[in-house]
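Reading the structure
Listed here are the chains, written in short residue letters.
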Amino acid sequence: METKTSDKTLFAMDLTAKMAVEQLALETNQPQEKVLLDFMKSNTAKMLYDDSTKLWWDGPSAVAEEFKNQK
């Protein structure tokens with residue numbers, strides 16, 4: 001049975017993604033738009049938006065590290 005992710009959880013996921021992208025853009029000196037496009041195509045983004053992984057609980061720095069490790 002599929003459960004619906006709450007609006008608050010989706011907001012937290014979005015905010016975590018935004019903050020991780022900002023961090024990655026600063027670290028790599030790339031435009032946020034490019035980093036966002038790369039991030040949203042990644043397995044890290046899939047994991048972040050899969051509530052069963054709870055990746056968003058770890059915060060934006062952990063998400064950014066996961067993204068860098070998967071690259």
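The structure displayed is predicted, hence computed values, not measured ones.

Here we come to the overall build of the protein. Looking only at helices and strands, the protein features four helices and zero strands. When its helices and strands are written in sequence order, the protein yields α-α-α-α. Radius of gyration (C-alpha) of the protein: 12 Å, near the 11 Å computed for a compact globule of 71 residues. Over its C-alpha atoms, taken along the principal directions, the protein stretches across nearly 40 × 20 × 20 Å. When the 71 residues of the protein are sorted by exposure, 31% land in the buried category. A fraction of 56% describes how many contacts in the protein between residues 6 or more apart in sequence connect residues 24 or more apart. Summed over all atoms, the accessible surface of the protein reaches about 5,000 Å², with 57% contributed by carbon and sulfur. Taken together, the 9 basic and 12 acidic charged side chains of the protein have centroids lying 3 Å from each other.

Turning our eyes to something else, we now look at the packing of helix 1 (residues 7-28) against helix 2 (residues 32-40). Close contact between helix 1 and helix 2 brings their axes to 9 Å; oriented N to C, the two are set at 120°. Here helix 1 lies oblique to helix 2, going by the angle between them. Note on packing geometry: the crossing formed by helix 1 with helix 2 is right-handed. Taking contact as the criterion, the partners of Ala-17, Val-21, Glu-22, Leu-24, Ala-25 and Thr-28 in helix 1 are, on helix 2, Gln-32, Val-35, Leu-36 and Phe-39. When the residues that make up the contact of helix 1 with helix 2 are grouped by side-chain class, the tally is seven nonpolar, two polar and one charged.

Moving on, we come to the nonpolar core. One finds Leu-24, Val-35, Phe-39, Leu-48, Trp-56 and Val-63 to be the most contacted residues of the largest nonpolar core, which totals 16 residues. Those elements giving two or more residues to this core turn out to be helix 1, helix 2, helix 3 (43-48) and helix 4 (60-70). If one sorts the elements of this core by residue count, helix 1 sits on top with seven residues. The residues contacting Leu-24, other than those within four sequence positions of it, are Val-35, Phe-39, Ala-64, Phe-67 and Lys-68.

This part covers the side chain of Thr-44. Position of Thr-44 relative to the elements: it lies in helix 3. Here the side chain of Thr-44 touches Gln-70 through a polar contact of 3.1 Å, side chain to side chain. If we skip the residues at most four places from it in the chain, Thr-44 touches Phe-39, Leu-55, Val-63, Glu-66, Phe-67 and Gln-70.

Conventions adopted
Residues numbered from 1 in each chain as written. Predicted model: local features only at pLDDT ≥ 70, side-chain atom pairs only at ≥ 80, totals over all residues. Heavy atoms only, no water. Helix = DSSP H or I, 4+ residues; strand = E, 2+ residues; numbered from the N terminus. Rg over C-alpha atoms; globule rule 2.2 N^0.38 Å. Buried < 20%, exposed > 50% of the residue type's maximum accessible area, 1.4 Å probe, protein only. Contact = heavy atoms within 4.5 Å. Areas by Shrake-Rupley, 256 points an atom, 1.4 Å probe, with all protein chains shown as cover. Lys, Arg positive; Asp, Glu negative; His and termini not counted. Charge placed at Lys NZ, Arg CZ, Asp CG, Glu CD. Axes fitted to C-alpha atoms, helices over the stretch in contact; angles between N-to-C directions. Parallel < 35°, antiparallel > 145°, perpendicular 65-115°, else oblique. Left-handed = near helix turned anticlockwise from the far one by under 90°. Nonpolar A, V, L, I, M, F, W, Y, C, P; charged D, E, K, R; others polar. Core = buried A, V, L, I, M, F, W, Y, C linked by side-chain atoms within 4.5 Å. Polar contact = N/O pair within 3.5 Å; in protein donor to acceptor, adjacent residues only side chain to side chain.

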